[in-house]
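Breakdown of the fold
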Amino acid sequence: ASGELYAMGEWLGVSDDNTRTAAQVALRRRIAGPLSLAYSTSYMTYQQQTTLYYSPARYLSQALGLEWARYRDQGLSLAVRAMPGYAWIREPAGTADSASLDLTAFQFTTGFELGYRRGAWDWLLSTGLSSGREGGYRSQNAMLYLRRSW
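The structure displayed is predicted, hence computed values, not measured ones.

About the thresholds
- Residues numbered from 1 in each chain as written.
- Predicted model: local features only at pLDDT ≥ 70, side-chain atom pairs only at ≥ 80, totals over all residues.
- Heavy atoms only, no water.
- Helix = DSSP H or I, 4+ residues; strand = E, 2+ residues; numbered from the N terminus.
- Contact = heavy atoms within 4.5 Å.
- Pairing = 2+ DSSP bridges.
- Axes fitted to C-alpha atoms, helices over the stretch in contact; angles between N-to-C directions.
- Phe/Tyr/Trp six-rings, centres within 6.5 Å; stacked < 30°, edge-to-face > 60°.
- Buried < 20%, exposed > 50% of the residue type's maximum accessible area, 1.4 Å probe, protein only.

**Looking at the side chain of Q107**
Within the element layout of this structure, Q107 appears in strand β6 (residues 100-118). Here Q107 is in contact with Y59, S61, M83, P84, G85, Y86, A87, S131 and G132, once residues within four sequence places are set aside.

Following this line, the structure appears as structure tokens:
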């Protein structure tokens, strides 16, 4: 396949009776050999804003970048991606009158995936680094998936 579409929706309930709703859509289109053009957009909102954790009233981001990948039906697969983007954020101003701030931020996200498939089993290690928002915000993630098909 020369193109892929990915969509995800999420609802999260937090113990302080807050809720988060999120959605993401991503497109990938192969442009030459293992090189693809990748686009993603995501949206997140919290019902209530709190100082206990990052809980924006609205967070919308878009990114466009490149991915180099070698996916195989069996054996070792890997992918590397880099995606600059932009975000529009509404979050609490931190003032007594409960005002909100509308912010924008340049973002840069990188990702690396390493997977291995043998027979009905496959595992995937996915890791990434993101930067953006205000104050030098950075986040790192790592996930390990194990799956068996039948």
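**With respect to the sheet that holds strand β2 (residues 19-32)**
Spatial ordering of the open sheet is given by β1-β2-β3-β4-β5-β6-β7-β8, a layout of eight strands whose pairing is antiparallel. Across the chains shown, the open sheet's two edge strands, defined by having one partner strand only, are β1 (3-13) and β8 (137-148). Shown here is a sheet whose adjacent strand axes are inclined to one another by a mean of 15 degrees, direction ignored. Pairing of β2 with strand β3 (residues 35-46), which is carried by 12 bridges, proceeds in the antiparallel orientation. Paired with T21 across the bridge in β3 is T45.

**Thoughts on the packing of aromatic side chains**
Per the counting criterion, the structure on display carries three aromatic pairs. Measuring from ring centre to ring centre gives 5.9 Å for Y46 and Y53, while their planes differ by 50 degrees; the resulting arrangement is tilted. For Y46, a relative accessible area of 8% puts it in the buried group. With a centroid separation of 6.5 Å and 90 degrees between ring planes, the pair formed by Y54 and Y59 is classed as edge-to-face. Residue Y59 is classed as buried on the basis of its relative accessible area, which comes to 13%.

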